[in-house]
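Chain by chain, the residues:
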Amino acid sequence: MKISIIDIGSNTIKLVIYDVKRDNSFIGVHQESSKVRLGESLAYSESLNEQSILKSIDVLLLYRDIARLQSANKVICVGTSAVREAKNGKYFIDQVFKKTGLRVRVLNGQEEAYYSYFGASISTCIPNGLFFDLGGGSLEIVYTEDFKIKKAQAFPLGALRLTRTFASQDGSFSKKDCDNMTQKIVDTLPTKRSYGIGIDTLLVGVGGTLRALGRYHQKRAGFPLEKIHNYRLTLSAIDWLRKDVSYLKTSEISSRWSFDSTRVETIVAGIYVIQSIMTNLDFEEVVISGYGIREGILASFIQNSNTLENHNIENLQKQNLKVLSYHCNKHDISHFGLDDMMRDMIYYRLLKEREVEILSYALYTLSRLPETNKHYGLFYRLLDEDYPRLTYREQVILALSIVYSKKIRTAEEIFYKYSHILKPQNLKSIQKIAILLNLATIIIKTGSQIRIRLTENQKMIITIIPKQKLFPTILLKQVIEKASVVFDIPIQYDIPNRIIRVNNSTNKIISVKSQT
């Protein structure tokens, strides 16, 4: 099933068409963005001007045709701050319906904050966070503890709004302009005390301005991955970016840096908002989410198709918690029946908890990927995936572990290519996760049960109880030999009615004996 989301913002109108799978997961398959500056006139008027309304309708007609061509089953169209604040907002909605047949659902500030948070949270799975969405007309902030929303507010601090209020006619800012804008931002933002922000709270940001800054920083820093989701920007990096662009004209910013054309005019104001959030609320870094309001709306709609037509905030939060529980637990190792095995590995200090986390994601990924022997292509495909809770380094480890489980030489070549973002000890983690992927594949595909214990003399004993007569004993023997080398420990394993004795490359005995 395909669902189209059209987001009518103050600066741009965006279309994303998603392919929704049977398990309710989804992926974007088509995307469009058009700068219309619908909210531009609100800086000096209370109404949308006719020119921007007509331009918006032309864009919406185009998006309607694209959605039809892509055979979208449903088109959801929402308006945010520009439409809800304008005196002629209803006129705009009526004209859109008359000319395009699209019904625009205008979100209030709290709803916009909730959906933005929801989209970011299902992709980051951060329980304690301060989430912000910086748009053209407004800034939404949501504070959560254990995934429960404690505060949700919208503020008139959009990047386009601030640019039109404080910038000169040519779009540039003087030092006085920046100082006045900063004071306005600081006076409007909440304080850390008013939100009761805990010490374990992470700052998560949504919006095109923040993503543009992240890509700019990646290029300047020589970051090797073409990926923005889960990228982290420090306060010092934001300050460095601010000094680079603050007093330049938009033409200079456009010619000297590769910002998207829709961001050039608003990038300076956006930087000042983000820096003020981090400074005032005491955050040293911000996590960039590639997901936001559109994904939040989509996830809510999948859960309840009437969510936009008939809901209240309390019901929306309950629904969000239910969907979050699914999205943030679907990669859990328990889904593969290997809980006891992993607990034993952690207990005996053979694996770290983060390694188990990466292993669980790897198992989930393998369960839904088609088989392939194109290992380089597989690696880069895995880097394109979005994994909640994993850092960039951990995602590279995950991708390399899967490749290592299939082709060691290829994985080692890729490891050294990415050695500047990996640590030497990461290779050991990759080897451990890879061999456990091989072992887990045997256990899962044969429906077997497995138990692990460590003897007093530091020998690992693995008990496997197969449910199939045709059990791959020779393959298992090969995996156990490699596991003994990787974990540097003698391994003995039991399988009913089979007796095998082998020696590994380190001359440690690995034995298989009949289980009574």
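Participant: Would you take a moment to explain the sheet that holds strand 5 (residues 104-106) for this structure?
Facilitator: Strand pairs in the sheet, formed through backbone hydrogen bonds, run parallel or antiparallel to each other. If you walk across this open sheet you meet the five strands as 3-2-1-4-5, and the pairing is mixed. Each edge of the sheet is formed by a strand with only one pairing partner; in this case those strands are strand 3 (26-35) and strand 5. Mean inter-strand twist for the sheet, computed between neighbouring axes without regard to direction, equals 20 degrees. Two strands pair when backbone bridges link them, and strand 4 (residues 74-79) and strand 5 are joined in this way by three bridges, in the parallel orientation. When the sheet's bridge partners are listed, Val78 is paired in strand 5 with Arg105.

Participant: Is there a simple way to think about the side chain of Ser405 in this case?
Facilitator: Checked against the element boundaries, Ser405 lands in the loop between helix 17 (392-404) and helix 18 (408-417). Since its relative accessible area comes to 16%, Ser405 is described here as buried. Reaching out from Ser405, the side chain makes a polar contact with the backbone oxygen of Ile402 at a distance of 2.6 Å. With near-sequence residues (within four places) excluded, Ser405 lies in contact with Ala434, Leu437 and Asn438.

Participant: Help me understand the state of the cysteines in this model?
Facilitator: Disulfide: a covalent bond formed between the sulfur atoms of two cysteine residues. Inspection of every chain in the model, using the stated rule, returns one disulfide. The partner cysteine of Cys125 in its disulfide is Cys328, sulfur to sulfur 2.1 Å. The S-S bond linking Cys125 to Cys328 shows a torsion near -100 degrees; that makes this disulfide left-handed. You can see Cys125 sitting in the loop between helix 4 (109-124) and strand 6 (129-134) and its partner Cys328 sitting in the loop between helix 13 (313-327) and helix 14 (339-347), a full 203 residues away along the chain.

Participant: Before we go on, may I ask you to explain the packing of aromatic side chains in this structure?
Facilitator: Centre distance and the angle of the planes are the two values used to describe a pair of aromatic rings. Under the definition given, this model contains 11 aromatic pairs. Taking 4.8 Å as the distance between ring centres and 75 degrees as the angle between the ring planes, the aromatic pair formed by Tyr117 and Phe131 counts as edge-to-face. You can see Tyr117 sitting in helix 4 and its partner Phe131 sitting in strand 6, a full 14 residues away along the chain. Each member of the pair Tyr117 and Phe131 is classed as buried. Aromatic pair Tyr347 and Tyr348: ring centres 5.1 Å apart, planes at 75 degrees, arrangement edge-to-face. Taken together, the aromatic side chains of Phe223, Tyr231 and Tyr392 make up a single cluster linked through ring pairs.

Cut-offs applied
- Residues numbered from 1 in each chain as written.
- Predicted model: local features only at pLDDT ≥ 70, side-chain atom pairs only at ≥ 80, totals over all residues.
- Heavy atoms only, no water.
- Pairing = 2+ DSSP bridges.
- Helix = DSSP H or I, 4+ residues; strand = E, 2+ residues; numbered from the N terminus.
- Axes fitted to C-alpha atoms, helices over the stretch in contact; angles between N-to-C directions.
- Buried < 20%, exposed > 50% of the residue type's maximum accessible area, 1.4 Å probe, protein only.
- Polar contact = N/O pair within 3.5 Å; in protein donor to acceptor, adjacent residues only side chain to side chain.
- Contact = heavy atoms within 4.5 Å.
- Disulfide = S-S within 2.5 Å.
- Phe/Tyr/Trp six-rings, centres within 6.5 Å; stacked < 30°, edge-to-face > 60°.

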